[in-house]
Amino acid sequence: EVERQLPQSEPVGWLPGYYRLPADVKIAGCDAYRRGDLYGIDLASGAAVAALGVLPGEAVLDMCCAPGAKLCALADALQLSGSVTGVDVSEERLAAARTLCRKYGITNARLYLADATAFAEPPPLTLSSSALTRDASASASASASA
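Residues numbered from 1 in each chain as written. Predicted model: local features only at pLDDT ≥ 70, side-chain atom pairs only at ≥ 80, totals over all residues. Heavy atoms only, no water.

Trainee: I would appreciate a short explanation of the pattern of salt bridges in the present structure.
Mentor: If the charged atoms of two oppositely charged side chains come close together, the side chains can form a pair. Tallying each qualifying case throughout the model produces 4 salt bridges. A salt bridge links Asp37 to Arg35; its shortest N-O distance comes to 2.8 Å. What makes Arg35 partly exposed here is its relative accessible area of 45%. Note that Lys70 is salt-bridged to Asp62, the shortest N-O span being 2.7 Å. For the residue pair Lys70 and Asp62, the accessibility class agrees, reading buried in each case. (Salt bridge = Lys/Arg side-chain N within 4 Å of Asp/Glu carboxyl O. Buried < 20%, exposed > 50% of the residue type's maximum accessible area, 1.4 Å probe, protein only.)

Trainee: It is not clear to me how helix 5 (residues 91-103) should be interpreted in this structure. Could you clarify?
Mentor: Side chains three or four residues apart in an α-helix point the same way, a direct result of the helix having 3.6 residues per turn. In this model helix 5 runs 18 Å from its N-terminal to its C-terminal C-alpha over 13 residues, within 8% of the 18 Å that 1.5 Å per residue would give. Among the residues of helix 5, Leu94, Ala97, Arg98, Leu100 and Cys101 are the ones counted as buried. Buried residues in helix 5, looked at end-on, bunch into an arc of 160°, giving them a common side. Pointing more than 90 degrees away from the buried face of helix 5 are the exposed residues Glu92 and Thr99. In this structure, the buried residues of helix 5 make contact with helix 4 (69-77), strand 4 (83-88) and strand 5 (109-113). Phi turns positive, to about 70°, at Gly105, one or two residues after helix 5. (Helix = DSSP H or I, 4+ residues; strand = E, 2+ residues; numbered from the N terminus. Expected span 1.5 Å × (residues − 1). Arc of directions from axis to C-beta. Contact = heavy atoms within 4.5 Å.)

Here's what the structure looks like:
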């Protein structure tokens, strides 16, 4: 469907499942993007997801997680099993990550407003589907400002 809706796309040979688009192409007008069927993600982030080789059930920490496409791709790689914890120092950028998680139906992510160099929250044993709606930033903010 990517090729049909974005005919100027070309597969990235060294990164299966990823496509390259010319810089002037805006994917926001693509139905598949609006439906949440594809991510707008840079190749470096896509390569990081592929290199990690995460498996369902694992816990992943994404430091400097905003704007959130890599975090969502990691959650997809986990097949919504396990957990992804995203940490970012910018409240505005973290809001963008939260929005992307909602758009893509990511339910296995926790987002924290914190300095990743001081972040020490352990991964959850299980992750409730309300993880994105509670204010996870409150517990991490205090340690980030210390």
